[in-house]
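Here's the letter readout for the chains.
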Amino acid sequence: MQKNRVLTLDVTDLNNLGFGVAHHEGMTVFVGGAVDGETVRARVILVKRTYAVARVEEILTPAPWRIPDDCPAAGCGGCAYRHVTYPHEAVLKRRAVVAAFRKAGLPETRVAGVVTPSGADGTPCVSGYRNKAQYPIARGADGSYLLGFYGAKTHRVVEAARCPLQDPAFLPILEDLRAYFSEKQLSVWDEERGQGLLRHVYLRRGSESGEILLTLVVGEDRFPEAEGFAARLMERHPALVGVVLNVNTEVTNVICGDTYRTLAGRGYLVDTLAGVRLRIHPAAFYQVNHAAATLLYAKAAELVHLTGREQLLDLYCGTGSIGLSMAHAAGEVIGVELTPEAVECATLNARESGITNARFYQGDAGDARHLLDGIPGGVHPDVVVLDPPRKGSTPELLRYLSDLAVSRIVYVSCNPDTLARDARLLIDLGYRMGEVTPFDLFPRTGHIENVTCFTRAGDSGDALTDTIDTIK
């Protein structure tokens, strides 16, 4: 295998980065621009010891599911599947979940079909679904202000204000911001020098409430004419309920710093998810796809199988949305979250929704043995809901939950690889796993959310026992 060599390849798969997968002379070749089911001519652009990367030069036999990629923000690298039909994307995503469990040594895992919300016309909702957007800011070669995303494997900003995945209500605000930055000729953050003013524009919208919250991330503890700037935006965009300034002076790829200052309106938005009214701070986690999250929460509630007596422990709880949506069916809900702003929001959300059987505390799930220390009355959970970040849970936490003899663990995951890894450990600890259901919270991208239930082996009287498929 040599660089610049042109190969004729049969593409057998499409991975979650959007590369076709082929094989040549015993080596795996990842082919940019190719789709599974195609025969292509491709030029090798990179050779490693166990794989090569190539770029399509000619499609000899196109796949029947190939479609034109007409994205106005092409090049940002965020979408893996814009060049295939959505039904085929769903097939690929389910296949990826199956492969993750097979790789973890769990080939008998049952995986349901991918669940995707549908619009009024019955077709899957695959655009305009993101209620959160974080745009890095840069200057173009002509001096214009770019509001977009980082290109794949780079820190080069690709203009993406018209990204088809984002809520269309964001665009007028972005264009107004761009005009203001240009009018004032504001400096932008320089990563190499660690200085400059403008870093990110961060927008969130309540899918049911319609409220929009703007957070501007800056690299200096100042903003010229801040109050006038905020008042001007609020006047021009009635959906805006607040303008927040976040200060991040660190040389880091973390978007937001620790300091938030409300310039106008309020520093949070309000939305309703799964029947629960939620106050959402910029630092708090909130599901980006409201319609799909509603379906996901309904499935999680079905799996947790509450009877009104159980103590439910909601870990990585964010603003409390999952636990609060189940509180009516539980004896008590106790939520634990690392981010203090999210804990504050969760507490207020319970109070404002009239939910009196839910309490929320700050804690680090990675520090399992001290996770529940200091919670008044003690915690003896019957059931647990886990919704960890992409890196998954920790062996320490899973062993701790096993030691507590938790009868059911409902695991919500945005990464099938770490879910499969953690499933292997829970099964080794004596739990049985039910069917895995994928929910597409991120259409056109390479990500897929999943939910499943682990039941402690040997527990009697569990109404779910007959529906759980034991891993053999």
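Residues numbered from 1 in each chain as written. Predicted model: local features only at pLDDT ≥ 70, side-chain atom pairs only at ≥ 80, totals over all residues. Heavy atoms only, no water.

(A) Geometry of the overall build of the chain. Helices and strands together make up the secondary structure of the chain, namely eight helices and 23 strands. Scaling as 2.2 N^0.38, a compact globule of 472 residues should have a C-alpha radius of gyration of about 23 Å, and the chain matches this with 24 Å. Structurally, the chain occupies a C-alpha span of about 65 × 65 × 45 Å along its principal axes. The burial tally for the chain puts 53% of its 472 residues in the buried class. Counting contacts in the chain only where the partners sit at least 6 residues apart, residues at least 24 apart contribute 62% of the total. Summed over its atoms, the accessible surface of the chain is roughly 20,500 Å², and 50% of this surface lies on carbon and sulfur atoms. Side-chain charges of the chain comprise 49 positive and 56 negative groups, with the mean position of each set lying 4 Å from the other. (Helix = DSSP H or I, 4+ residues; strand = E, 2+ residues; numbered from the N terminus. Rg over C-alpha atoms; globule rule 2.2 N^0.38 Å. Buried < 20%, exposed > 50% of the residue type's maximum accessible area, 1.4 Å probe, protein only. Contact = heavy atoms within 4.5 Å. Areas by Shrake-Rupley, 256 points an atom, 1.4 Å probe, with all protein chains shown as cover. Lys, Arg positive; Asp, Glu negative; His and termini not counted. Charge placed at Lys NZ, Arg CZ, Asp CG, Glu CD.)

(B) Summary view of the side chain of His 24. Summarising the element assignment, His 24 is placed in strand β3 (residues 19-24). A residue is classified by how much of its surface remains accessible, and His 24, at 17% relative accessible area, is buried. Among the polar contacts made by the side chain of His 24, one reaches the side chain of Glu 25 at a distance of 3.4 Å. The contact partners of His 24, leaving out residues within four places of it in the chain, are Met 1, Arg 5, Leu 7, Leu 9 and Val 29. (Polar contact = N/O pair within 3.5 Å; in protein donor to acceptor, adjacent residues only side chain to side chain.)

(C) View of the pairing of strand β12 (residues 240-247). Burial within β12 is extensive, with eight of its eight residues counted as buried. Where strand β11 (residues 212-218) and β12 come together, seven bridges link them in parallel fashion. Bridging across to β12, Thr 215 finds its partner in Val 244. You can see the chain leave β11, run along helix α3 (residues 226-236) and come back into β12, and the turn it takes is right-handed. Two elements, β12 and strand β13 (residues 259-265), share six bridges in a ladder whose sense is antiparallel. By the bridge assignment, Val 243 is partnered in β13 with Ala 264. (Pairing = 2+ DSSP bridges. Right-handed = clockwise from strand over helix to strand, strands pointing away.)

(D) Here's a closer look at the packing of aromatic side chains. Counted according to the given criterion, the structure contains six aromatic pairs. Summarising the aromatic geometry, the rings of Phe 30 and Tyr 51 are spaced 5.8 Å apart at their centres and angled 70° between planes, so their arrangement reads as edge-to-face. Highlighted residues: Phe 30 in strand β4 (residues 27-32) and Tyr 51 in strand β6 (residues 51-61), separated in sequence by 21 residues. Here Tyr 145 and Phe 181 contribute two aromatic rings whose centre-to-centre distance is 5.9 Å and whose plane-to-plane angle is 55°, an arrangement assigned as tilted. Here Tyr 145, found in strand β8 (residues 145-150), pairs with Phe 181, found in helix α2 (residues 170-184); they are 36 residues apart in sequence, far enough to count as distant. Looking at Tyr 145, the relative accessible area reads 2%, which means it is buried. (Phe/Tyr/Trp six-rings, centres within 6.5 Å; stacked < 30°, edge-to-face > 60°.)

(E) Structural context of the nonpolar core. Core analysis: the largest hydrophobic core is formed by 83 residues, its most contacted members being Phe 181, Leu 198, Val 201, Leu 216 and Phe 223. Broken down by element, the residue count for this core peaks at seven residues, all from helix α4 (residues 290-304). With residues up to four places along the chain from it excluded, the contact list for Phe 223 reads Tyr 180, Leu 186, Leu 197, Leu 198, Leu 216, Val 218, Phe 229 and Leu 245. Counting 36 residues, the second largest nonpolar core, distinct from the first, contains Leu 106, Leu 315, Leu 397 and Tyr 400. (Core = buried A, V, L, I, M, F, W, Y, C linked by side-chain atoms within 4.5 Å.)

(F) Spatial organisation of the environment of Pro 68. Here Pro 68 shows up in the loop between β6 and α1 (86-103). Judged by its relative accessible area of 70%, Pro 68 falls in the exposed class.

(G) Structural view of the pattern of salt bridges. On inspection of all chains with the given rule, the structure shows 30 salt bridges. When the shortest N-O distance is used, the salt bridge between Arg 222 and Glu 220 registers 2.6 Å. A relative accessible area of 42% places Arg 222 in the partly exposed class. Residue classification places Glu 220 among the partly exposed positions, given a relative accessible area of 23%. Among the charged side chains, a network of salt bridges with common partners joins Asp 176, Glu 183, Lys 184, Glu 225, Arg 232 and Arg 236. (Salt bridge = Lys/Arg side-chain N within 4 Å of Asp/Glu carboxyl O.)

(H) Geometry of the sheet that holds strand β7 (residues 132-139). The mixed open sheet is built from seven strands, whose spatial order is β9-β8-β7-β10-β11-β12-β13. Since the sheet does not close on itself, it has two edges, and those belong to β9 (157-159) and β13, each with one partner. Each strand axis lies, on average, 35° off the axis of its neighbour in the sheet, ignoring direction. Sheet strands in contact with α3 are β11, β12 and β13, and its direction is about 150° off that of β12. (Axes fitted to C-alpha atoms, helices over the stretch in contact; angles between N-to-C directions.)

(I) Summary view of the confidence of the model for the chain. The predicted model of the chain has a mean per-residue pLDDT of 93, with 97% of residues at 70 or higher. Note on residues 460-472: pLDDT under 50 across the span, and 24 contacts to partners over four residues away in sequence or across chains. (pLDDT = per-residue confidence, 0-100.)

(J) Spatial organisation of the side chain of Asn 246. Of note, Asn 246 is situated in strand β12. If we ignore the near neighbours within four places in the chain, the residues touching Asn 246 are Thr 215, Leu 216, Val 217, Val 218, Ile 255, Cys 256, Gly 257, Thr 259 and Tyr 260.

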